[in-house]
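Residues per chain, in single letters:
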Amino acid sequence: MTAETYVNQIVKKVKCPKQKRSEIAKQLLADIYTELEQGEQLERIMLRMGEPIAVAEEFNQNLPEEEHRKYKRGKAMKIAGVIIAVLAVLAAAAAWFLPVVRDFGTSGLFEEAAVEQRSREVIQMLDEGDYEALQACSDKMLHAILNEAAMEMVKSLSAKDWGAFQGYGKFYLAEQTQQGKTRAVVQMNASYEKVAVTYTLFFDEDLTLSGLYIK
């Protein structure tokens, strides 16, 4: 073991601010080098001084109270800094994974008329049962539900027989950003002979259908 290693093991256990530990290290090394210059062997010097943890504990007992308070404040600030950093990372992750809704037109990716027109086309395909055409303009992840069996089951939750389509209510448009991707969100009411339905549709910037909710 070198003198530097021995001294480092001591000061690592001394509970005081970094600057004070540096001063203690310099003084210990100076004392050791002085004895080495006088012909003393390093092993005997370290044996006489004692185990690093014992030497450090002696320093801790003799340090002024003010140094202890500074050490505790510094440690608390370091812990607080770590907590703040972790919270910042979690906040950034939440911002990335959780959807953020903004006013329609914020991104500049969508045109209102085009989004409304595509929404009408999607509803018409659903009403006509043209699932082949619907799948062609939809994200592949939706294909499993865009079929007659699945959609008939969904429709039955509102009413067994909707009747003929009557017309649309007002269109409500917004934008949703999640994981770096922005989608247009359309909520629209549709009237049928025997039921009123609210559709919520999601479109990517190519106006591909990427989400569909019916209630």
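Definitions and limits used
Every chain's residues receive numbers from 1 upward, in the order its sequence appears when written. The model is predicted, so local features are restricted to residues of pLDDT at least 70 and side-chain atom pairs to those at 80 or more, both for listing and for counting; the totals for chains, interfaces and linings are taken over all residues. With hydrogens and water excluded, all non-hydrogen atoms of the structure serve as input to the side-chain values. The working definition used for a salt bridge is a side-chain nitrogen of Lys or Arg within 4 Å of a carboxyl oxygen of Asp or Glu. Helix numbers and strand numbers start at the N terminus; a helix is a DSSP run of H or I with at least 4 residues, a strand a run of E with at least 2. Throughout this description, buried means an accessible area under 20% of the type-specific maximum (1.4 Å probe, protein chains only), exposed means over 50%, and partly exposed covers the range between. Cavities and pockets are found on a 1 Å grid laid over the protein atoms alone: a cavity is a set of points where a 1.4 Å probe fits but cannot escape, a pocket is an open set with protein on both sides within 12 Å along at least five of seven lines, and a lining residue has an atom within 4 Å of such a point. Grid points are joined across faces, edges and corners, and a volume is the space filled by probe spheres set on the points. To define a nonpolar core, start from buried Ala, Val, Leu, Ile, Met, Phe, Trp, Tyr and Cys residues and group those joined through side-chain atoms within 4.5 Å.

Undergrad: Before we go on, may I ask you to explain the pattern of salt bridges in this structure?
TA: Close approach of charged atoms allows side chains of opposite charge to pair. Evaluation of the coordinates by the stated rule reveals six salt bridges. A salt bridge links glutamate 35 to arginine 48; the nearest nitrogen and oxygen atoms lie 2.1 Å apart. On the criterion of sequence distance, the pair formed by glutamate 35 in helix α2 (residues 18-37) and arginine 48 in helix α3 (residues 42-49) is long-range, its members being 13 residues apart. The exposure class of glutamate 35 is partly exposed, given its relative accessible area of 23%.

Undergrad: Could you clarify how one ought to interpret the layout of surface pockets in this entry?
TA: Over the atoms rolls a probe the size of a water molecule, and its path tells where empty space is left. There is about 360 Å³ of room inside the largest pocket. Around the largest pocket, the lining is made up of 14 residues, and of these Gln178, Lys181, Arg183, Asp204 and Ser210 lie nearest the centre. For the lining of the largest pocket, the secondary structure elements donating two or more residues are β2 (165-178) and β3 (181-192). Looking at which element gives the most residues to the lining of the largest pocket, the answer is β3, with three residues.

Undergrad: What is the right way to look at the nonpolar core in this model?
TA: Proteins that are soluble and globular tend to have nonpolar side chains buried together. In this structure, Leu126, Leu134, Tyr199, Leu201 and Phe203 are the most contacted members of the largest nonpolar core, which totals 29 residues. Within the residue set of this core, elements represented by two or more residues are α6 (112-128), α7 (131-136), β3, β4 (196-203) and β5 (209-214). Formed by 18 residues, the second largest nonpolar core is a distinct cluster that contains Val7, Ile10, Cys16 and Ala56.

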